[in-house]
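# Structural description and commentary
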Amino acid sequence: MTPPHNIGIKIPKLLLPRPGIDLQKWAVIACDQFTSESEYWDQVEDVVGDAPSTLHMILPEVFLGTQQESERIHSTKKAMLRYLSTNIFREINDFVYVLRTTGNLTRRGLMVCLDLEHYDYTPGSETLIRATEGTILDRLPPRIRIRENAPLECPHILVLFDDPKDTVFGPLDEEIEKLQKIYSFDLMLGSGHLSGIALKDENIHNHIFNALSALIAPDIFAEKYNLIPGRHKPLLFAMGDGNHSLATAKAIWENIKPSVGMDHPARYALVEIENVHDRALSFEPIHRLLFNIHDDLVDAMQTFCRDRLRIREVDTFETMVSLVDEDTEPWHQIGMITHEGFKLLEIHKPEENLPVGTLQKFLDAFLEEGKVAHIDYVHGTNVLLEKGRLPGNAGFYLPGMDKSDLFRTVILDGSLPHKTFSMGEAKEKRFYMECRLIQ
């Protein structure tokens, strides 16, 4: 059965390493992780060495803006061509059900091709597939240089669907013992275990198509989000991780579409789709790290926020975190870390819906005015605390958001502020595994 047009997916033609390739060296974590911890990527290179690996086909963002950036972009395409010419791949024409275990929990996903004709990352779009945060166009050029003219894609993109009753994946779990496991191995550097299962059953394929279609049936869609029927176009897939990577695929597709026609592999992007209600999927806040500050940060914030800002001194990092996390006040609360200690920022009568929006509005202006050399977006608190306390730096600790609010917020309000949430901690991010031809 061909997937119905209204759900925007198709069955992928996947390329996976042939038996004998060391999968622990092959699979590496998403390129946008550990951007302030170059030592992590040094460890990855030590583990991989010269072995076949997706490391050689990506540009870790820790190298953006360095002398290595151009060289590594050039080497990614050489590695792809080398792997294709040396026949290290086997082909799997099927959906792959992905199981990622970290700790005691297993997160479930499905490898599919998303139709970029159903996706638009511009603000206010009402396409079937939508961005959940603002797309920063300045972040696309390095990604475009990697994907443009590349023969392969190996994605770290995670896309969410809203299935509180587990109608899509629940029945797969009941059949899992009958299905073919095509890989199963421990990921490098303590990131858990990864398994992939080929579905290879037309009845299962049809179930997936029907279950996804049912999620956007007009009456069900309107009732789920308390909408006026017919007023809002259906949203089936919302970006989780890899927003800028999918935007890159879209930009390239729009550029080449007039010359290649609609039946071309670049019309699609390989992604993993996941249920936002999966109990193993957590939404974590993304914190901000400022490096080499050229101005008085507190004075600048007071000027920007005027009389809406209150600042409280806090004795310990733990106290600051608990005040931010347990916030029930009508104003926004954000933790601040400097070499002088810890502060709690209260922004009264906020103009934005979320604390991250309030902070980001200030940081964008602070950066544009040249008052800080660099802003990084970090997961977890260890690097935030360690580097935020260095002289000349600062860290901002932000609260998380409830993942159950994501779809309704995007439907009603559009994209969230840039880097609002992260799906899990850094080591829980998607690893590059499956590849696909895009030429």
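Along every chain, residues carry numbers that run from 1 in the direction the sequence is written. A pLDDT threshold of at least 70 governs which residues receive local features in this predicted model, and a stricter bar of 80 or more applies before side-chain atom pairs are shown or counted, although totals over entire chains, interfaces and linings include all residues. Hydrogens are left out, water is left out, and the side-chain values use all remaining heavy atoms of the structure.

## Some thoughts on the environment of P355
Helix numbering and strand numbering both begin at the N terminus, where a helix is a DSSP run of H or I of at least 4 residues and a strand a DSSP run of E of at least 2. Tracing the chain through its elements places P355 in helix α11 (residues 355-368). Placed 275 residues apart in sequence, P355 and M80 show a C-alpha to C-alpha distance of 42 Å. Note on contacts: a residue pair qualifies if any of its non-hydrogen atoms lie within 4.5 Å across the two residues. Among all residues touching P355, those that are not within four sequence positions of it are H332, Q333, I334, L398 and P399.

## Structural notes on a nonpolar patch on the surface
Only residues whose relative accessible area exceeds 30% and that take part in no salt bridge are eligible for patches, with like-charged residues grouped when within 9 Å of each other and nonpolar side chains (Val, Leu, Ile, Met, Phe, Trp, Tyr) grouped when within 5 Å. Throughout, the Shrake-Rupley method with a 1.4 Å probe supplies accessible areas, and for residues the shown protein chains are the sole cover considered. Between Lys or Arg on one side and Asp or Glu on the other, a salt bridge is scored when a side-chain nitrogen of the former is within 4 Å of a carboxyl oxygen of the latter. Taken together, the side chains of L81, L84 and L437 make up a nonpolar region of the molecular surface, amounting to roughly 250 Å² of accessible area. Residue position: L437 is located in strand β22 (residues 436-437).

## Remarks on the side chain of S245
With respect to the helices, strands and loops of the structure, S245 is situated in helix α8 (residues 243-260). Partly exposed residues are those whose accessible area sits between 20% and 50% of the maximum for their type, while under 20% is buried and over 50% is exposed, using a 1.4 Å probe and protein chains only. The exposure class of S245 is buried, given its relative accessible area of 17%. Apart from the residues lying within four places of it in its own chain, the contact partners of S245 are R143, H156 and I157.

## Some words on the pairing of strand β12 (residues 237-241)
For β12, the tally of buried residues reaches five of five residues, placing the bulk of the element in the interior. Whether two strands pair comes down to DSSP finding at least two bridges between them. Strand direction decides the pairing type here: strand β7 (residues 129-130) and β12, joined by two bridges, are parallel. Its bridge partner lying in β12, R130 is registered against A238. With three bridges joining them, strand β9 (residues 158-161) and β12 adopt antiparallel strand pairing. Residue pairing in the sheet places V159 in a bridge with M239 of β12.

## Considering the side chain of E61
Within the secondary structure, E61 is located in the loop between α2 (38-48) and α3 (68-85). Judged by relative accessible area, which is 13%, E61 ranks as buried. Polar side-chain contacts of E61 include one of 2.2 Å to the side chain of R143. Leave out the neighbours within four places in its chain, and E61 touches C31, D32, T35, R139 and R143. Here a polar contact is taken to be a pair of N or O atoms separated by no more than 3.5 Å, where protein atoms must pair a possible hydrogen donor with a possible acceptor and residues adjacent in sequence count only if both atoms sit in side chains.

## Brief notes about the sheet that holds strand β15 (residues 287-293)
The six strands are arranged β16-β18-β17-β20-β15-β19 in an open sheet whose pairing can be described as antiparallel. Whereas interior strands pair on both sides, the edge strands pair on one side only; in this sheet they are β16 (309-314) and β19 (372-378). If you compare each strand with its neighbour and ignore which way they point, the axes differ by 25° on average. One ladder, built from three bridges, connects β15 with strand β20 (residues 394-397); its direction is antiparallel. Pairing of L290 across the sheet is with A394, part of β20. Angular values range over 0 to 180 degrees, each being the angle between N-to-C directions of two axes fitted as lines to C-alpha atoms, with helices fitted over their stretch in contact. Across the sheet, α11 is in contact with β15, β17 (332-338), β18 (341-347), β19 and β20; its angle to β15 comes to roughly 20°.

## What about the nonpolar core?
What is meant by a nonpolar core is a set of buried Ala, Val, Leu, Ile, Met, Phe, Trp, Tyr and Cys residues, joined one to another through side-chain atoms within 4.5 Å. I9, Y97, L110, L212, F237, L246 and I273 are the most contacted members of the largest nonpolar core, which totals 62 residues. What F237 contacts, discounting residues up to four positions off in sequence, is I7, I9, L114, L128, I129, R130, V159, L160, F161, L212 and I273.

## A short note on the packing of aromatic side chains
The aromatic pairing rule takes the rings of Phe, Tyr and Trp, using the six-membered ring of Trp, and pairs them if the centres are within 6.5 Å, calling planes under 30 degrees apart stacked, those over 60 edge-to-face and the rest tilted. Evaluation of the coordinates by the stated rule reveals 15 aromatic pairs. Their ring planes at 65° and their centres at 5.6 Å tell us that F304 and F362 sit as a pair that is edge-to-face. You can see F304 sitting in helix α9 (residues 297-305) and its partner F362 sitting in helix α11, a full 58 residues away along the chain. Taking relative accessible area as the criterion, F304 reaches 27% and is therefore assigned partly exposed. Members of the aromatic cluster, each reached through a chain of ring pairs, are W26, Y83 and F89. Above the ring of Y268, the side-chain terminus of K10 is found at 4.3 Å from the ring centroid. Across the ring face of F63, the terminal group of R72 is positioned such that the distance to the ring centre comes to 3.7 Å. We count a charge as sitting over a ring when the NZ of a lysine or the CZ of an arginine lies within 6 Å of the ring centre and within 35 degrees of the ring normal.

## Details of the pattern of salt bridges
In total, this model carries 25 salt bridges according to the counting rule given. Among the salt bridges present, the one from E340 reaches K343, with a minimum N-O distance of 3.9 Å. On the basis of relative accessible area, K343 is assigned to the buried category, the value being 9%. Through salt bridges with shared partners, a single network forms among R108, D166, D173 and D278.

## With respect to unusual backbone geometry
A positive phi angle is found at N87, which is not glycine, with a value near 60°. Secondary-structure assignment places N87 in the loop between α3 and β3 (89-93).

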